[in-house]
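# Breakdown of the fold
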Amino acid sequence: MNILIAGSGGREHALAWKLKQSHLCEQLYIAPGNAGTGTVGTNVPISVTDFAALAAFCIKNQVEMLVVGPEEPLVKGIYDHFTTNPSLSHIMVIGPSKQAAKLEGSKAFAKEFMQRHDIPTAGYREFDETNYPEGTEYIKTHPLPVVLKADGLAAGKGVIICTNHIEALAEFELMVQQAKFGDAGKKVVIEEFLTGIELSVFALTDGKNYVLLPEAKDYKRVGKGDTGANTGGMGAVSPVPFADEIFMEKVITRIVEPSIKGLQKENLDYKGVVFFGLIKVKDEPFVIEYNCRFGDPETEVVIPRVENDLVELFTAVAQQRLNEITIKVNPQAAVTVVAVSSGYPGNYQAGKSISGLEDAAIEGSMIFHAGTTQEGTEVISKGGRVLTVTSYGDNITDAVGQSMYVMENLFFDGIYYRDDIGYEFATLPPSA
Ligand code: AMP
Ligand code: GLY
């Protein structure tokens, strides 16, 4: 079948790489894609939110499956656009409906959903213009740190962790009264700060059944040892050593199953990935957030560990046949290390020529492009996160070592990457 992936990051390159391996995949298109996806399939210059242009492209090119990478088109209703239009409803859309995507698109919706289904999460209250004075009083007596979350999508910037009440009150005012994160951010969730270690768990669901994909841990801070500013993600590892059987059993029974059942009970149409952003507090899992899509850079380690045919898997999602599927996982560890442009996540330069791509590729490693574009014979940087190197290894340390080896052969002006991804899981050498 012909398949269209919507998106242009490392996540979409990893999905393209995997889908293309299937004997069921004929033409593979990526809208708009990057230089890396252009080597696996055909890039199409259409924005992920231009539903009319995507739909016209699908019809013209007999696309039968649309795989949606980022959250924005999902939250804006791409699933509904396709499934409610008779000329498009034969196309399998991998992603949730607009209403279900509110699990990511509205923090308040997600918190209320968790409350209704008794899913463990940080205690909270929600406030907006209508109960603003109550909000200020609530903040004044809230234990510190206190977490403020803008309700709507805020490009990953809508969560503010405040270590004193003055700062929290100022941020609250900016969000509610000055619309710091736009109108959707004028509603604010104020919640307890949870202390623990985070991980990402992915369930692929057809709305009735689900399968778990390998878990992952991403590294959000820009600096070594998890210091400095928050980024979209500087690297990821899978598996996550502390996610042992006992812990994952708790994740499944207290979080994954009640969430999938909750979607069903509330008639929320969901045929895609539920991404559980979790935190382990002592030995107990809590939900920090839901996302309605694959993670980036987690996908670059999760998908390489899935041994199933991804087209078969997604078809089972669309046809509600996931009960027939068993996920086969590669027992090797996978690590991905992201190369960014210096200055990221602040101001950074783009338009840098990338060298070494052909020579760097070695067996057991994949170079997934993120912010890149092809200009003639050259690959040029186009975003803060430029590319990522995923490697397999017998353990996390070996996989990191191999990604470092590949990375050393790649170059662009201002290249920066963390060399300590997975540091807390490092395997000591036998002599140490
Ligand atoms: P989000 O935008 O929801 O992914 O939140 C961004 C990051 O803020 C999370 O990955 C956590 O590191 C942190 N965070 C969010 N909520 C909490 C919380 N209740 N307690 C501790 N950290 C949090
Ligand atoms: N890596 C976190 C995310 O994709 O939201």
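To keep things clear, this report deals only with the structure shown in the data block.

### Some remarks on a nonpolar patch on the surface
A surface patch of nonpolar side chains, amounting to about 240 Å² of accessible area, comprises Val159, Ile161 and Phe193. Residue classification places phenylalanine 193 among the partly exposed positions, given a relative accessible area of 35%.

### Overview of unusual backbone geometry
Looking along the chain, the bond that leaves leucine 144 and enters proline 145 is cis, with omega of -10°. Here proline 145 shows up in the loop between α8 (132–140) and β7 (146–150). The amide bond that connects aspartate 296 to the next residue, proline 297, takes the cis arrangement and shows omega of 20°. Note on placement: proline 297 falls in the loop between β17 (284–291) and α11 (299–305). If you check the backbone angles, asparagine 267 has positive phi at about 55° while not being a glycine. Of note in this structure, lysine 282 is not a glycine but carries a positive phi near 55°.

### Focus: the sheet that holds strand β6 (residues 124–127)
In spatial order, the strands read β6-β9-β7-β8; together these 4 strands make up an open sheet with antiparallel pairing. Where the open sheet ends on each side, the last strands, each with one partner, are β6 and β8 (159–162). Mean inter-strand twist for the sheet, computed between neighbouring axes without regard to direction, equals 20°. Sitting on the sheet, helix α7 (residues 107–116) touches β6, β7, β8 and β9 (188–192), and the angle it makes with β6 is about 140°. The strands touched by α8 are β6 and β9; relative to β6, the strand with the most contacts, the crossing angle is about 150°.

### Looking at the site of ligand 1
Taken together, 14 residues lie near ligand 1, and Glu191, Glu192, Leu194, Glu198 and Glu289 sit nearest. Contact distances for ligand 1 include 3.1 Å between an oxygen atom and a side-chain N or O atom of lysine 107. The protein chains hide 87% of the 470 Å² of surface that ligand 1 would expose on its own. Of all elements in the fold, only β7, β8, β9 and β17 reach the threshold of two or more residues within the shell around ligand 1. Considering only residue class, the shell around ligand 1 consists of 7 nonpolar, no polar and 7 charged.

### Some words on helix α14 (residues 396–407)
For α14, which comprises 12 residues, the first-to-last C-alpha distance of 16 Å matches the rise-based estimate of 16 Å (1.5 Å per residue) to within 8%. The inward-facing, buried residues of α14 contact β15 (235–238), β18 (333–341), α13 (357–360), β20 (365–369) and β23 (385–393). In this structure asparagine 395 caps α14, since a side-chain oxygen of it lies 3.1 Å from the backbone nitrogen of threonine 397.

The rules we used
- Residues numbered from 1 in each chain as written.
- Chains lettered and ligands numbered in written order.
- Predicted model: local features only at pLDDT ≥ 70, side-chain atom pairs only at ≥ 80, totals over all residues.
- Heavy atoms only, no water.
- Patch = residues over 30% accessible without salt bridge, like charges linked within 9 Å, V, L, I, M, F, W, Y side chains within 5 Å.
- Areas by Shrake-Rupley, 256 points an atom, 1.4 Å probe, with all protein chains shown as cover.
- Salt bridge = Lys/Arg side-chain N within 4 Å of Asp/Glu carboxyl O.
- Buried < 20%, exposed > 50% of the residue type's maximum accessible area, 1.4 Å probe, protein only.
- Helix = DSSP H or I, 4+ residues; strand = E, 2+ residues; numbered from the N terminus.
- Pairing = 2+ DSSP bridges.
- Axes fitted to C-alpha atoms, helices over the stretch in contact; angles between N-to-C directions.
- Contact = heavy atoms within 4.5 Å.
- Near = heavy atom within 4 Å.
- Polar contact = N/O pair within 3.5 Å; in protein donor to acceptor, adjacent residues only side chain to side chain.
- Nonpolar A, V, L, I, M, F, W, Y, C, P; charged D, E, K, R; others polar.
- Expected span 1.5 Å × (residues − 1).

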